[in-house]
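# Report on the structure
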Amino acid sequence: FCPRRNIEYLSEPTAELHITYKQPLQSLQQGSKQADFLACAQCQNVIAVVYQSDTQLIGAVNASLLEDKRKCKPAVVVSPKILSAEEKSNRWASLWGRVKVAAAMV
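Residues numbered from 1 in each chain as written. Predicted model: local features only at pLDDT ≥ 70, side-chain atom pairs only at ≥ 80, totals over all residues. Heavy atoms only, no water.

This part takes up the packing of aromatic side chains. Any aromatic ring pair is given by two values, namely how distant the centres are and how the planes are angled relative to each other. A full pass over the atoms with the stated rule returns 2 aromatic pairs. Both rings, one in tryptophan 92 and one in tryptophan 96, keep their centres 4.9 Å apart while their planes meet at 10 degrees; by these two values the pair is stacked. Summarising the burial analysis for this pair, tryptophan 92 and tryptophan 96 share the class buried. Taken together, the ring pairs connect Tyr51, Trp92 and Trp96 into an aromatic cluster. (Phe/Tyr/Trp six-rings, centres within 6.5 Å; stacked < 30°, edge-to-face > 60°. Buried < 20%, exposed > 50% of the residue type's maximum accessible area, 1.4 Å probe, protein only.)

Given below as structure tokens:
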């Protein structure tokens, strides 16, 4: 899913990602269907991946869409397909930051 779309995620467990949209986002799911991939409904670019834990919404931003991606550390390749559902959620909880998603005020 992600390699085909040239997606590399940027995450920081202490960060807070705010996603504000003017038009509704498309929510895609893949594999275990635990995470939601938030995409632009017009261009289909995945903006971020989010997971609703027991206590909060956490996620990571698609670094491939950043203006100056070169400032990011090199990507670390992972294969979530080999992880159990619990291992995935534990991994995400340790690496992803809090996310807030809201419609833009007009």
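Time to look at helix α1 (residues 85-95). Every buried residue of α1 is listed here: Lys88, Ser89 and Trp92. What you see down the axis of α1 is that its buried residues fit within an arc of 95 degrees, all on one side. Every exposed residue of α1 that faces more than 90 degrees away from the buried side is listed here: Glu86 and Ala93. Structurally, α1 contributes buried residues whose contacts are with β5 (46-52) and β6 (57-62). (Helix = DSSP H or I, 4+ residues; strand = E, 2+ residues; numbered from the N terminus. Arc of directions from axis to C-beta. Contact = heavy atoms within 4.5 Å.)

Let us look at the pattern of salt bridges. Counted by the stated rule, this structure contains 2 salt bridges. In this structure, arginine 98 and glutamate 16 form a salt bridge, with 3.2 Å as the shortest nitrogen-oxygen distance. Highlighted residues: arginine 98 in strand β7 (residues 97-103) and glutamate 16 in strand β2 (residues 16-21), separated in sequence by 82 residues. Owing to a relative accessible area of 31%, glutamate 16 belongs among the partly exposed residues under this scheme. (Salt bridge = Lys/Arg side-chain N within 4 Å of Asp/Glu carboxyl O.)

With that settled, consider the environment of asparagine 90. Tracing the backbone shows asparagine 90 in helix α1. Take asparagine 90: its relative accessible area is 46%, and that puts it in the partly exposed class. For asparagine 90 and serine 53, which are 37 residues apart along the polypeptide, the C-alpha to C-alpha distance reads 9.5 Å.

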